[in-house]
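In case you want the letters, here they are:
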Amino acid sequence: MPSENAQIRIIATRSLSEDWGKLTKYTFDFRRRDGEWQRQSREVYDRGNGAVILLYNTNKRSVILTRQFRLPLFVNQHSGFLLEAAAGLLDELAPEDRIRHEAEEETGYRLEQVQKVFEAWMSPGSVSEKLHFFIAEYDDSRRTGNGGGLADEGEDIEVVEMDFSAALAAIRSGEIADGKTIMLLQHLALEGIL
């Protein structure tokens, strides 16, 4: 249970689901800026923290992305197939260790050096996940396999090498609509890396 402080008092918690993640309803008192206490309730979805990485190649001016099916998008009037940077849950590992593993599993590239660029909360109104954002340079010598993820985890991941300028244009066209991927592509652009 989260800790309490001078502005928040947890009154009750109720588990709503513990399947792929944990959904909990919290009832709490919140002291408003005017000093009044207000009772509120919110549902919080917790799957654990994660990490994401964007692979880039300065010589080719390209990036490696993945395309996979995402059910929440499909039920929200989208095809469900999302173009995104490789990512995964930490599952008790250090972010750097997990993202190296995820990169090889999903993209087929083994990375020695990864650079952490920032952390962010992606949907703080309802999801507890904090993401650790990484970038790493790749080249063909680092390719160890085809990637594609793990079939026994329901993954069927297509690896996509894309020209960096085409990736930026894909943000504008809506072809790339994943927040974490947009953030990392814009990071490369803002830092002048590609």
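Residues numbered from 1 in each chain as written. Predicted model: local features only at pLDDT ≥ 70, side-chain atom pairs only at ≥ 80, totals over all residues. Heavy atoms only, no water.

Overview of the domain arrangement of the protein chain
And step 1. According to the domain assignment, the protein chain contains domain 1 (8-46) and domain 2 (50-191).
And step 2. The gap between the C-alpha centroids of domain 1 and domain 2 is 31 Å. (Domains from an automatic or database assignment.)

What about the UniProt feature "short sequence motif: Nudix box" (unreviewed entry) in the protein chain?
And step 1. The UniProt feature table records "short sequence motif: Nudix box" (unreviewed entry) at residues 88-109.
And step 2. The span residues 88-109 is 59% helix and 9% strand, and its two end C-alpha atoms sit 15 Å from each other. (UniProt positions renumbered as here; feature names shortened; annotations may be inferred. Helix = DSSP H or I, 4+ residues; strand = E, 2+ residues; numbered from the N terminus.)

Notes on the side chain of S62
And step 1. Along the chain, S62 turns up in strand β5 (residues 62-69).
And step 2. At 2.6 Å, the side chain of S62 and the side chain of Y138 are in polar contact.
And step 3. Leave out the neighbours within four places in its chain, and S62 touches L55, Y56, N57, Y138, E161, M162, D163, F164 and L194. (Polar contact = N/O pair within 3.5 Å; in protein donor to acceptor, adjacent residues only side chain to side chain. Contact = heavy atoms within 4.5 Å.)

Some details on the packing of helix α3 (residues 164-173) against helix α4 (residues 179-191)
And step 1. It is the contact of α3 with α4, at a shortest axis distance of 11 Å, that shows an interaxial angle of 130 degrees. As far as their axial angle goes, α4 and α3 are oblique. Every pair of crossing elements has a handedness; the one defined by α3 and α4 is left-handed. Along the contact surface, α3 presents F164, A167, L168 and I171, while α4 presents I182, L185, L188 and A189.
And step 2. The residue inventory of the contact of α3 with α4, partitioned by class, reads eight nonpolar, no polar and no charged. (Axes fitted to C-alpha atoms, helices over the stretch in contact; angles between N-to-C directions. Parallel < 35°, antiparallel > 145°, perpendicular 65-115°, else oblique. Left-handed = near helix turned anticlockwise from the far one by under 90°. Nonpolar A, V, L, I, M, F, W, Y, C, P; charged D, E, K, R; others polar.)

What to know about a nonpolar patch on the surface
And step 1. Taken together, the side chains of F69, L71, F74, V75 and F81 make up a nonpolar region of the molecular surface, amounting to roughly 520 Å² of accessible area.
And step 2. Among the secondary structure elements, V75 is positioned in the loop between α1 (71-74) and β6 (81-84).
And step 3. Judged by relative accessible area, V75 falls into the exposed class, the value being 59%. (Patch = residues over 30% accessible without salt bridge, like charges linked within 9 Å, V, L, I, M, F, W, Y side chains within 5 Å. Areas by Shrake-Rupley, 256 points an atom, 1.4 Å probe, with all protein chains shown as cover. Salt bridge = Lys/Arg side-chain N within 4 Å of Asp/Glu carboxyl O. Buried < 20%, exposed > 50% of the residue type's maximum accessible area, 1.4 Å probe, protein only.)

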